[in-house]
Amino acid sequence: MKNINLLILVVALLSIAALISLRAVNAQERATEIQKSAADIQEKVEQALRLRDKENNIAGAIKIMKEVLASNPENIGAMVFLAEFYKANGALEDGLKSVDKALSIEPKNVFALRVKGDILVQMGKYKEAEEVINSALSMSKPKTADYALCYYLLSMIYSKQGLKDKAKAYLEKAIENDPTNQVFKQQLKAMEALVAPK
């Protein structure tokens, strides 16, 4: 009887070890699959950005992001890039829907908040844009591109509202946080020319 119990115990332990080993193999396979998927998505995002930036093919970039989302419907980055591409194509409502979907999954995503703020600025919804951008700014780290872009967007809001001094101050903060950004510097020169005494 003791031998049978011992045999049952050994078989049970071997079964547990085999199950643990199988789960470890499955976990490793899943991790490899996730890494491959992430690399594929990154490649598609880069392809879409090249289409937008080098070929001015925004429709092609939108198509690629839709393909990514068809196979990865919860991919926040793809949702936000899709929103950016919609904005560049003038489809602001579609962009807002896409970025709002991303924010429903990850409400504190700084990239998504900044893109939403930018879309709201383009829509002329300055008060709402200001709130969203200030939220992104509070979560961003100083001396980063996101931080600088938030200040730049706030500058745009104030400029569009005719608050030139406030716009200039925020543009200077954008440059302070991203001193190599030539767009910010050109914008500041243009703004200074507009507010310079005649």
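Structure report, in brief. Not measured: the values here are computed from a predicted model.

Moving on, we come to the overall build of the protein chain. Along the backbone of the protein chain there are nine helices and zero strands. Listed by position from the N terminus, the elements making up the protein chain come as α-α-α-α-α-α-α-α-α. Across the 198 residues in the protein chain, those meeting the buried criterion constitute 36%. Looking at the protein chain alone, contacts between residues at least 24 apart form 45% of all its contacts between residues at least 6 apart.

A few words on helix α4 (residues 92-105). In this model, α4 (14 residues) spans 20 Å end to end at C-alpha, consistent with the 20 Å of a helix rising 1.5 Å per residue. On its buried face, α4 is in contact with α3 (76-88) and α5 (110-122).

Our focus in this paragraph is the packing of aromatic side chains. All told, the structure shown has six aromatic pairs when counted by the stated rule. Consider the rings of Y151 and Y170, whose centres lie 5.8 Å apart with planes at 40°: the pair is tilted. Pair noted here: Y151 is in helix α7 (residues 145-160) and Y170 is in helix α8 (residues 164-177), with a separation of 19 residues, a long-range link. When sorted by exposure, Y151 lands in the same class as Y170, which is buried. Each ring, one from Y158 and one from Y170, has its centre 5.2 Å from the other, and the planes form 45°; the classification is tilted.

It is worth spelling out the packing of α5 against α7 at this point. In a pair of packed helices, the angle between the axes and the distance between the axes together describe the arrangement. Taken N-terminus to C-terminus, the directions of α5 and α7 make an angle of 15°; their axes are 10 Å apart at the nearest point. Taken together, the axes of α5 and α7 are roughly parallel relative to one another. Helix-helix and strand crossings are classified by hand; for α5 and α7 the assignment is left-handed. On the side of α5, the interface is formed by V110, R114, D118, V121 and Q122, while α7 contributes D146, L149, C150, L153, M156, I157 and K160. Split by residue class, the contact of α5 with α7 holds seven nonpolar, one polar and four charged.

About the thresholds
Residues numbered from 1 in each chain as written. Predicted model: local features only at pLDDT ≥ 70, side-chain atom pairs only at ≥ 80, totals over all residues. Heavy atoms only, no water. Helix = DSSP H or I, 4+ residues; strand = E, 2+ residues; numbered from the N terminus. Buried < 20%, exposed > 50% of the residue type's maximum accessible area, 1.4 Å probe, protein only. Contact = heavy atoms within 4.5 Å. Expected span 1.5 Å × (residues − 1). Phe/Tyr/Trp six-rings, centres within 6.5 Å; stacked < 30°, edge-to-face > 60°. Axes fitted to C-alpha atoms, helices over the stretch in contact; angles between N-to-C directions. Parallel < 35°, antiparallel > 145°, perpendicular 65-115°, else oblique. Left-handed = near helix turned anticlockwise from the far one by under 90°. Nonpolar A, V, L, I, M, F, W, Y, C, P; charged D, E, K, R; others polar.

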